[in-house]
Amino acid sequence: MKTGLVLEGGALRTIFSSGVCDAFLDSGLPLPDYTIGVSAGIAYGVSYLSRQSRRNLQLVTRFANDHRYMGWRNLANPRNRSYFGLRFAYDTIPNELLPFNYDAFEAYPGEVEAVVTNLDTGKADYLPVPRRTNWNTLLQATCAIPLMFPIIRLNGVPCLDGGCSDAIPWKRAMEVGCDRVVVILTRERDYIKKPDRTLRVFARIFRKYPNFVDTLRRRTDAYNACREELFALEREGKAVVIAPEDTLGCSRTEKDLDKLRALWQEGYFAGRRALAQVQDFWTE
């Protein structure tokens, strides 16, 4: 039996998933055989795999209001061109201010993949997360929200946020052999994605990448269908889905620390409630 964990993205809203994962760590639940995440789902998820409980909670409460971490001045900086301070977020924090445990992450025996969207093909690429080398570049690529990040090139391939092409990659987990997947969502169960009103802007800006624009056009329907199929899989007993009851109005760039702490806490309690089910699901 191969167990899998799937982590949806959502930028700072992903602090809910961190709460769930911290509950798993506190309980001593074994790590899954395979982990895949999108955007902040995997950028935060590596702290779970390195067994650094509450590291992401410390990160958002210390840096959400630090302009070096995120803010419009970063986007205006020609050396950065991202709403998030790339060097600060992906180098200074993990290597100096809030050290990431690379040794523990390297010791994780399972597989780890991040999803990026290949602009040339418009499709999702599923890439192994290096335990040390090129770690930051891949995490930047999976988190690269269109227009809020520059295009990130991986081995010459132009990439952006994996959520554009496969926001909840549970099918990938099944394809690589997982027969028991736990999926952590960052939207409520009754959430329905609405059409993107800025599609015309994206179509003009990314006209060099027609396949990517076509993916964006189909994104809303694909996302809603993916969730419906996931919930059907759950009813069949092949998945455990954990979702927030209320995201508390948290945005992807939320700076209200009370909201962020409350959403982490909601995730933690959701993880505690699901613990017995997940343990039975992964070990039976």
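That block above? That's the structure.
Cut-offs applied
- Residues numbered from 1 in each chain as written.
- Predicted model: local features only at pLDDT ≥ 70, side-chain atom pairs only at ≥ 80, totals over all residues.
- Heavy atoms only, no water.
- Helix = DSSP H or I, 4+ residues; strand = E, 2+ residues; numbered from the N terminus.
- Rg over C-alpha atoms; globule rule 2.2 N^0.38 Å.
- Contact = heavy atoms within 4.5 Å.
- Areas by Shrake-Rupley, 256 points an atom, 1.4 Å probe, with all protein chains shown as cover.
- Lys, Arg positive; Asp, Glu negative; His and termini not counted.
- Charge placed at Lys NZ, Arg CZ, Asp CG, Glu CD.
- Buried < 20%, exposed > 50% of the residue type's maximum accessible area, 1.4 Å probe, protein only.
- 1 Å grid on protein atoms, 1.4 Å probe; cavity = no way out; pocket = protein on both sides within 12 Å on 5 of 7 lines; lining within 4 Å.
- Points joined across faces, edges and corners; volume = space filled by probe spheres on them.
- Nonpolar A, V, L, I, M, F, W, Y, C, P; charged D, E, K, R; others polar.
- Phe/Tyr/Trp six-rings, centres within 6.5 Å; stacked < 30°, edge-to-face > 60°.
- Lys NZ or Arg CZ within 6 Å of the ring centre and 35° of its normal.

## Quick word on the overall build of the protein chain
At step 1: Broken down by element type, the protein chain carries 11 helices and eight strands.
At step 2: Taking 19 Å as the expected radius of gyration for a compact globule of 284 residues, we find that the protein chain reaches 18 Å, a close match to that expectation.
At step 3: Dimensions of the protein chain, computed from the C-alpha atoms along their principal axes, are close to 50 × 40 × 35 Å.
At step 4: In the protein chain, the share of contacts with a sequence separation of at least 24, taken over all contacts with a separation of at least 6, comes to 74%.
At step 5: Approximately 12900 Å² of the protein chain is accessible, and the part contributed by carbon and sulfur atoms is 47%.
At step 6: Seen as two clouds, the 39 positive and the 34 negative side-chain charges of the protein chain have centres 7 Å apart.

## Regarding helix 2 (residues 40-49)
At step 1: Counting buried positions along helix 2 yields 10 of 10 residues, so the element is predominantly enclosed.
At step 2: Within the span of helix 2, buried status applies to Ala 40, Gly 41, Ile 42, Ala 43, Tyr 44, Gly 45, Val 46, Ser 47, Tyr 48 and Leu 49.
At step 3: Arg 51 sits one or two positions beyond helix 2 and adopts a positive phi of about 60 degrees.

## Describing empty space enclosed by the protein
At step 1: Scanning all chains against the criterion turns up two cavities of 30 Å³ or more.
At step 2: By volume, the largest cavity amounts to about 310 Å³.
At step 3: Contributions of two or more residues to the lining of the largest cavity are made by helix 2, helix 3 (55-63), helix 5 (86-97) and helix 7 (135-143).
At step 4: Residues that form the lining of the largest cavity fall into these classes: 18 nonpolar, two polar and one charged.

## Comments concerning the packing of aromatic side chains
At step 1: Overall, the coordinates contain 12 aromatic pairs when judged by the stated rule.
At step 2: Plain terms: the ring middles of Tyr 83 and Phe 84 are 5.6 Å apart, the flat faces sit at 80 degrees to each other, and that makes the pair edge-to-face.
At step 3: Under the relative-accessibility criterion, Tyr 83 is labelled buried at 5%.
At step 4: The interplanar angle of 75 degrees and the centroid separation of 6.2 Å between the aromatic rings of Tyr 191 and Tyr 223 together place this pair among those described as edge-to-face. Here the residue Tyr 191 occupies a position in the loop between strand 7 (180-184) and helix 9 (199-205), and Tyr 223 occupies one in helix 10 (residues 210-235), the gap between them amounting to 32 residues.
At step 5: Residue class for Tyr 223 comes out buried when judged on its relative accessible area of 9%.
At step 6: An aromatic cluster of three or more residues is present, and its members are Tyr 69, Trp 72, Tyr 83, Phe 84 and Phe 149.
At step 7: Arg 131 extends its terminal NZ or CZ atom over the ring of Phe 105, reaching a point 5.0 Å from the ring centre.
At step 8: Lying over the aromatic face of Tyr 191, Arg 187 brings its terminal NZ or CZ to 4.3 Å of the ring centre.

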